Amino acid sequence: MTNHSKKYVIGIDLGGTKISTAIADSTGHIIEKTTLATGAKDGEFHVMNRMISSVEQVLEASGLPLQEVAAIGVGAPGPLDADRGAIITTPNLPFRNYSITEPLVQRFGVPAFLDNDGNVAAIGEWLFGQGKGCQNLIYLTVSTGVGGGAVLSGRPFHGSTSNALEVGHMTLDPSSPHRCNCGNYGDVEALCSGTALSKRAMEAIAQGRETSLSKHRQVTTYEIYEAYKEGDPLAREILTTSWRYLGIAVANLILTFDPDVIAIGGGVSRIGDAMFEAVRASARAHAFEFMVDRVRIVPTGLAQDTGVLGAIALALVRSQEGALRESAPKE
Ligand SMILES: [Zn+2]
């Protein structure tokens, strides 16, 4: 019995505020999608039930029979145990060492797979985005936090605890005064995340720095970039410093993995060309130029539905692996 006849997969993007679920065909084309509030404060049982009803909703709306579904993929914030399909702990969800995949398998009778946000996004980028046809892809997301994932030698890469590519907490400057939520000083998240950018701006304003940013009560990446384009010296200093550090992180990833593609997504990356040029220049200064020149350092190719497309990609990749194993000659 193989999965070859099953043409559809379901992807669930489980976040702290919403659950996005979609049913798609084998090319990643979304047929039906639904979004529910997570309601994390209601506890693990209720959140799990909402995930189940989101799957029921897309199945019903699509009119497709469950028998046509090869697998369910779930992307969630880590740390988690991908082998057991369990979330170990995470700040914005109620799950503590709780298997997400077991109740899905029990209810729907199809294989279910869990992986962390970063890995799932990397698989989505590889299958549907900038990584199409390549063997080695690193995905970075730079938004409130910084995360990542990898596909290496044409396979999703997990590491031994399924938490590889925790790029946000790689230390770049241990003598930095800037501390991350993880307790580390001078790691990528403390220096390059959207949170870090707005902290730098607020600190400078509090110290009385002259800047057009001081007219805002809360300064986000958007205001900093707008001020940068207007030639504000503080905005320029904040952004160029963070881009230089992001380039060092990229250089370290190039030296470690020698990838074909480094795709960067997340809210902060929407700044676009100016950021990518600065990151490439910094990477060239901190890694072998011939390696940097060969890797494509590019914006994500998945503009929308990134999380849910990643979960769909996870379901496709894992169910195909399963089908290949089942159809292999038995020893
Ligand atoms: Zn950290």
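Definitions and limits used
- Residues numbered from 1 in each chain as written.
- Predicted model: local features only at pLDDT ≥ 70, side-chain atom pairs only at ≥ 80, totals over all residues.
- Heavy atoms only, no water.
- Axes fitted to C-alpha atoms, helices over the stretch in contact; angles between N-to-C directions.
- Helix = DSSP H or I, 4+ residues; strand = E, 2+ residues; numbered from the N terminus.
- Parallel < 35°, antiparallel > 145°, perpendicular 65-115°, else oblique.
- Left-handed = near helix turned anticlockwise from the far one by under 90°.
- Contact = heavy atoms within 4.5 Å.
- Nonpolar A, V, L, I, M, F, W, Y, C, P; charged D, E, K, R; others polar.
- Expected span 1.5 Å × (residues − 1).
- Buried < 20%, exposed > 50% of the residue type's maximum accessible area, 1.4 Å probe, protein only.
- 1 Å grid on protein atoms, 1.4 Å probe; cavity = no way out; pocket = protein on both sides within 12 Å on 5 of 7 lines; lining within 4 Å.
- Points joined across faces, edges and corners; volume = space filled by probe spheres on them.
- Pairing = 2+ DSSP bridges.
- Donors = N, O, S within 2.8 Å, 3.2 Å for Na, K, Ca; no water.
- Tetrahedral: all angles 85-135°; square planar, octahedral: opposite > 155°, others 65-115°.
- Patch = residues over 30% accessible without salt bridge, like charges linked within 9 Å, V, L, I, M, F, W, Y side chains within 5 Å.
- Areas by Shrake-Rupley, 256 points an atom, 1.4 Å probe, with all protein chains shown as cover.
- Salt bridge = Lys/Arg side-chain N within 4 Å of Asp/Glu carboxyl O.

K.L.:
Explain the packing of helix α1 (residues 44–62) against helix α2 (residues 101–108) to me, and be specific about the residues and the numbers.
P.N.:
Two elements in contact, α1 and α2, have axes whose closest approach is 10 Å; the angle formed by their N-to-C orientations is 40 degrees. Relative to α2, α1 is oriented oblique. Crossing of α1 against α2: the hand is right-handed. Along its contact with α1, which presents M48, I52, V55, E56 and L59, the element α2 presents P103, L104, R107 and F108. In terms of residue class, the contact of α1 with α2 is made up of 7 nonpolar, no polar and 2 charged.

K.L.:
Report on helix α5 (residues 194–206), specifying residues and quantitative values.
P.N.:
The end-to-end C-alpha distance of α5 is 18 Å, a good match for the 18 Å that 13 residues give at a rise of 1.5 Å each. Considered for burial, the residues of α5 that qualify are G194, A196, L197, S198, R200, A201 and A204. Of the surrounding elements, those touching the buried residues of α5 are α4 (188–192), α6 (221–229) and α7 (233–257). Note on α5: the residue one or two positions beyond its end, G208, has a positive phi of about 85 degrees.

K.L.:
Now, about the layout of surface pockets: what can you tell me, with residues and values included?
P.N.:
Empty space within the second largest pocket amounts to approximately 300 Å³. Forming the boundary of the second largest pocket are 17 residues, of which H178, R200, E203, E237 and I238 lie nearest the centre. For the lining of the second largest pocket, the secondary-structure elements that each account for two or more residues are α5 and α7.

K.L.:
Describe unusual backbone geometry, with residues and values.
P.N.:
The residue after G78, namely P79, is reached through a cis peptide bond having omega 0 degrees. One can find P79 in the loop between β4 (69–76) and β5 (80–81). The phi angle at L165 is positive, at roughly 65 degrees, despite the residue not being glycine. Within the secondary structure layout, L165 lies in the loop between β11 (155–157) and α4. Residue class for L165 comes out buried when judged on its relative accessible area of 11%. Notably, D305 is not glycine yet its phi reads approximately 55 degrees, a positive angle. The topology assignment puts D305 in the loop between β13 (296–299) and α10 (306–327). Using a relative accessible area of 31% as the deciding quantity, one classes D305 as partly exposed.

K.L.:
Break down the sheet that holds strand β6 (residues 86–87) for me, citing the residues and quoting the values.
P.N.:
Two orientations exist for strands paired in a sheet by backbone hydrogen bonds: parallel and antiparallel. With antiparallel pairing, the 3 strands of this open sheet are ordered in space as β5-β6-β7. Two strands close off the open sheet at either side, each with one partner strand: β5 and β7 (98–99).

K.L.:
Now, about the coordination of the zinc ion: what can you tell me, with residues and values included?
P.N.:
In an ideal tetrahedron of four donors about a metal, each angle is 109.5 degrees. In an ideal octahedron of six donors, the angles are 90 or 180 degrees. On the protein side, the zinc ion has H169 (ND1), C180 (SG), C182 (SG) and D187 (OD) as donor atoms, found 2.0 to 2.3 Å from it. Of note is the zinc ion, whose 4 donor atoms meet at the metal with angles of 105 to 115 degrees in an arrangement that counts as tetrahedral. Counting the intervening residues between successive donors of the zinc ion yields the motif H-x10-C-x1-C-x4-D. With a relative accessible area of 0%, D187 lands in the buried category.

K.L.:
Let's hear about a nonpolar patch on the surface: which residues, and what values?
P.N.:
On the surface, L255, F288 and F290 cluster together into a nonpolar patch covering about 350 Å² of accessible area. Looking at the element boundaries, L255 is found in helix α7.

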